[in-house]
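Each chain, written out:
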Amino acid sequence: MTAHRFSRPPPWRLISLTLALCGLAPVQTGGAQTTVAQPAPSLTLEATLAQLEAAPSVTAARLSVQTAQTGLNAARTALGLTISVNGNAAYSGPVTAADGTATPGSTGGAAGVNISLGLLPWASNQSGLKTAERGLALAQARLTDAQNSARLNVAQQYFAAVLATQDVDIAARTLALRQRQFAVAQTQQATGNATAGNVLSAQAGVQSAQGTGLQAAASLEAAQRGLEAALGSAVGRVTFSTQPPDTVALPDVSALVAQARATRSEVIQAQNTLGAAQDDLTTQQRQTTLPDLTASVRYGPGGSGGLTTALNLQQGTVSAGYSLPLGSGAGTGSNRLSASVTGSYVVYSPAQKAQLSAAGANVTQAQLSLNVAQQNVELDVRTRYSTLQTGLIAVQTRETGVQVAGLALQTAQTRLQAGTGTADDVSAAELDLAQAERDLLAARITAQTTLLQLQNAAGGPQ
């Protein structure tokens with residue numbers, strides 16, 4: 001792990017929105033009385049992330065997991081016995097033959113119970129269980145994706161608000177400086193030491209600073225609205241106090257690649273497709289090699305009813321049932337044991353051979369898709385890792401810029417003390433330092449969000 005340490009900018013960087021730009025100017029009541037707006041409460045990034053569970057995207061993904069879990073529970077329950085009851089009834093009216101012989105009417109019917117169980121490994125309920133397990137794994141992976149995406153979105157919007165707060169403060173200070181410079185230019189014009197062009201240039205500087213301030217305030221409002229949309233709830237009037245961390249550690253890219261190749265939802269979906277294709281191929285192979293064979297044993301009256309058991313080889317199920325005959329013919333005949341075997345075997349079928357070949361091709365295609373998915377997620381991880389390295393270099397460059405601006409401020413202050421500089425020169429140098437601090441903050445935010453993107457590319461934080 002390679003750690004990069006950056007210096008913390010001065011506290012004034014977190015100054016709240018100025019009264020002029022935020023519309024919080026003092027309200028006059030009763031002449032001399034003045035009511036000052038209360039400072040907005042602080043909202044940390046940690047407290048913001050704690051609200052993620054209520055985000056719409058996360059809630060929807062969690063419902064999908066619950067649905068998949070319900071399906072898996074149902075599939076597990078289906079592995080047990082299936083019990084059903086059945087029955088039938090019939091009536092035949094009396095018949096008189098041509099010779100006058102009368103046959104009385106009769107009633108018939110049966111009532112019974114049947115039990116079935118998937119006994120062999122390829123029974124349909126076993127296949128349903130595998131499908132449900134794959135569905136739950138994919139739903140859980142998508143829930144993780146939704147949580148990671150929401151976490152990244154919230155962090156981006158939060159840090160955008162932090163940066164916009166910095167921009168608002170710099171814009172207010174810049175506007176104050178430009179207004180002083182405009183006033184100086186007007187005074188100098190009155191004494192003949194400045195031209196109309198100098199005054200117009202100073203006035204343009206004031207107007208530009210006003211526009212920048214409005215744009216910064218709009219960016220702050222947009223970031224706050226974006227944060228509210230990501231959370232699915234209102235944030236209110238707050239200040240954003242959390243700064244990006246000073247230390248950014250480069251993670252182990254090999255571990256991230258291995259994690260991505262195993263846990264990314266794209267990979268799991270491709271694995272599910274491959275598993276379904278392999279199940280289908282196994283089914284086609286079994287239908288080709290095994291006969292459609294059913295063996296049954298019955299014990300009961302010679303006519304109908306009694307106890308019956310049966311095993312279907314291809315379906316892999318065993319069943320047992322008991323039927324009680326009803327009506328006028330019930331109870332006739334003695335009980336006896338009988339057994340039967342019925343089956344068929346396809347000797348030649350081009351259609352079946354084509355289905356088997358298509359199932360094999362589907363497995364090959366699914367395996368290739370899985371390989372491509374794993375290669376894509378690995379490329380995604382390595383690309384974002386390189387981007388993070390570049391971002392850390394940018395942070396170091398901005399840190400050097402802060403040092404240069406700090407030395408320039410010291411020089412301006414020294415010149416002011418020596419009488420060779422003005423207070424406006426110091427103010428301008430302070431603004432240059434503030435802008436350098438802002439650029440460093442932006443670089444740190446970029447590095448931090450890139451780290452989150454890298455973690456998301458690997459399937460989430462380790």
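Residues numbered from 1 in each chain as written. Predicted model: local features only at pLDDT ≥ 70, side-chain atom pairs only at ≥ 80, totals over all residues. Heavy atoms only, no water.

### Here we look at the overall build of the protein
Inclusion rule: Secondary structure is summarised from DSSP: a helix means a run of H or I of at least four residues, a strand means a run of E of at least two, and numbering begins at the N terminus for each. Working definition: with a 1.4 Å probe on protein chains only, accessible area under 20% of the residue-type maximum means buried, over 50% means exposed, and in between means partly exposed. A contact between two residues is defined here by any heavy atoms of the two lying within 4.5 Å. The method behind every accessible area is Shrake-Rupley, applied with a 1.4 Å probe, and residues are considered shielded solely by the protein chains displayed.
The secondary structure content of the protein amounts to nine helices and 14 strands. Counting over 462 residues, the protein shows a buried share of 34%. In the protein, 79% of the contacts between residues at least 6 apart in sequence involve partners at least 24 apart. Put simply, the protein shows about 25,200 Å² of open surface, and 58% of that area lies on carbon and sulfur atoms.

### As for the nonpolar core
Selection rule: Side-chain atoms within 4.5 Å link the members of a nonpolar core, which is a set of buried Ala, Val, Leu, Ile, Met, Phe, Trp, Tyr and Cys residues.
One finds Val381, Leu388, Leu392 and Leu454 to be the most contacted residues of the largest nonpolar core, which totals 37 residues. Counting only elements with at least two residues in this core, the list comes to β10 (247-250), α6 (253-263), α7 (265-289), α8 (350-418) and α9 (423-457). The biggest single contributor to this core is α8, with 15 residues. Formed by 35 residues, the second largest nonpolar core is a distinct cluster that contains Ala55, Ala61, Leu72 and Ala442.

### Some details on the environment of leucine 129
Inspection of the secondary structure assignment puts leucine 129 in helix α4 (residues 124-190). Classification of leucine 129 by relative accessible area gives buried; the value is 12%. The sequence separation of leucine 129 and alanine 75 amounts to 54 residues, and the corresponding C-alpha distance is 5.0 Å. Those residues in contact with leucine 129 that lie beyond four places of it in its chain are Leu72, Ala75, Arg76 and Leu79.

### What to know about the pattern of salt bridges
Keep this limit in mind: Between Lys or Arg on one side and Asp or Glu on the other, a salt bridge is scored when a side-chain nitrogen of the former is within 4 Å of a carboxyl oxygen of the latter.
For the structure on display, the rule yields 12 salt bridges. Across the pair glutamate 378 and arginine 261 runs a salt bridge whose closest N-O atoms are separated by 3.0 Å. Taken as a pair, glutamate 378 in helix α8 and arginine 261 in helix α6 lie far apart in primary sequence, 117 residues in all. For glutamate 378, a relative accessible area of 21% corresponds to the partly exposed category.

### Things to note about the pairing of strand β5 (residues 82-92)
As a reminder of what qualifies: At least two bridges found by DSSP between two strands are what make those strands a pair.
Judged by how many residues are buried, β5 sits mostly at the surface: zero of 11 residues are covered. Across 11 bridges, the pairing between β5 and strand β8 (residues 106-118) is antiparallel. Bridge assignment links alanine 89 to a residue of β8, and that residue is glycine 109.

### Focus on the packing of aromatic side chains
Filter applied, for reference: Only Phe, Tyr and Trp rings take part, Trp by its six-membered ring, and two of them pair if their centres are within 6.5 Å. Stacked means planes under 30 degrees apart, edge-to-face means over 60, and tilted covers everything else.
Evaluated as defined, the whole model comprises two aromatic pairs. Centre to centre, the rings of tyrosine 158 and phenylalanine 240 are 5.3 Å apart; their planes meet at 85 degrees, and the pair counts as edge-to-face. Placement of tyrosine 158 in helix α4 and of phenylalanine 240 in strand β9 (residues 239-240) is noted, with a sequence separation of 82 residues between them. We classify phenylalanine 240 as buried; its relative accessible area is 6%. Through successive ring pairs, a cluster of aromatic residues spans Tyr158, Phe159 and Phe240.

### Considerations on the confidence of the model for the protein
The line we're drawing: Every residue carries a pLDDT, the predictor's confidence in it, which falls somewhere between 0 and 100.
Considering every residue of the protein, the mean pLDDT works out to 84; 89% of them sit at 70 or more. Every residue in residues 1-34 is under pLDDT 50, and counting partners more than four places away or in other chains gives 71 contacts.

### Looking at a nonpolar patch on the surface
Basically, it comes down to this: Patch building starts from residues that exceed 30% relative accessible area and form no salt bridge, then joins like charges within 9 Å and nonpolar side chains (Val, Leu, Ile, Met, Phe, Trp, Tyr) within 5 Å.
Judged by side-chain polarity, Leu81, Ile83, Val85, Val113, Ile115, Val297, Tyr299, Leu307, Tyr322, Leu324, Leu326 and Leu337 come together as a nonpolar surface patch covering roughly 1,100 Å² of accessible area. Secondary structure elements with two or more residues in the nonpolar patch: β5, β8, β11 (292-301) and β13 (317-327). Looking at which element gives the most residues to the nonpolar patch, the answer is β13, with three residues. For leucine 337, the position within the fold is in strand β14 (residues 335-344). Of the residues examined, leucine 337 reaches a relative accessible area of 63% and is grouped as exposed.

### Overview of the packing of α4 against α7
Rule in force here: Here, axes are lines fitted to C-alpha atoms. For helices the fit covers the stretch in contact, and angles between N-to-C directions go from 0 to 180 degrees. For classification purposes, an angle smaller than 35 degrees is called roughly parallel, one larger than 145 roughly antiparallel, one from 65 to 115 roughly perpendicular, and anything else oblique. Classification used: nonpolar for Ala, Val, Leu, Ile, Met, Phe, Trp, Tyr, Cys and Pro, charged for Asp, Glu, Lys and Arg, polar for all others including Gly.
Relative orientation of the contacting elements α4 and α7 amounts to 170 degrees, with a least axis distance of 9 Å. As summarised for this structure, α4 and α7 are arranged roughly antiparallel, according to the angle between their axes. On α7, the residues touching Lys130, Arg134, Gly135, Ala137, Leu138, Ala141, Arg142 and Asp145 of α4 are Ser265, Ile268, Gln269, Asn272, Gly275, Ala276 and Asp279. A per-class count over the contact of α4 with α7 returns five nonpolar, five polar and five charged.

### What about the environment of threonine 247?
Along the chain, threonine 247 falls in strand β10. Judged by its relative accessible area of 34%, threonine 247 falls in the partly exposed class. Distance in space between the C-alpha atoms of threonine 247 and glutamine 448 is 9.7 Å, their sequence separation being 201 residues.

### Let's talk about α8
Residues separated by three or four positions in an α-helix point in the same direction, a consequence of the helix having 3.6 residues per turn. The cut-off we apply is this: Helix span, expected: 1.5 Å multiplied by one less than the number of residues in the helix.
The terminal C-alpha atoms of α8, which comprises 69 residues, lie 101 Å apart, in line with the 102 Å expected from a rise of 1.5 Å per residue. Phi for glycine 419, located one or two positions after α8, is positive at around 85 degrees.

### Some points on the side chain of asparagine 456
Quick note on the threshold: Any pair of N or O atoms that falls within 3.5 Å is considered a polar contact. Within protein, one atom must be able to donate a hydrogen and the other to accept it, and sequence-neighbouring residues count only if both atoms are side-chain atoms.
By the element assignment, asparagine 456 lies in helix α9. On the accessibility criterion, asparagine 456 (13% relative accessible area) is buried. A distance of 3.1 Å separates a polar atom in the side chain of asparagine 456 from the backbone oxygen of asparagine 148. When near neighbours in sequence (up to four residues on either side) are disregarded, asparagine 456 contacts Asn148, Ser149, Arg151, Leu152 and Arg264.

### Points about the environment of glutamine 287
Mapped onto the fold, glutamine 287 is located in helix α7. On the accessibility criterion, glutamine 287 (33% relative accessible area) is partly exposed. Residues glutamine 287 and glutamine 352, spaced 65 residues apart in sequence, show a C-alpha to C-alpha distance of 8.7 Å. If we ignore the near neighbours within four places in the chain, the residues touching glutamine 287 are Gln314 and Gln352.

### Re α7
Taking 1.5 Å of rise per residue, 25 residues should cover 36 Å, and α7 covers 36 Å from first to last C-alpha, within 8% of that figure. Those residues of α7 that fall on the buried side of the exposure criterion are Ser265, Val267, Ile268, Ala270, Asn272, Leu274, Gly275, Ala277, Leu281, Gln284 and Arg286. In this structure, the buried residues of α7 make contact with α4, α6 and α8.

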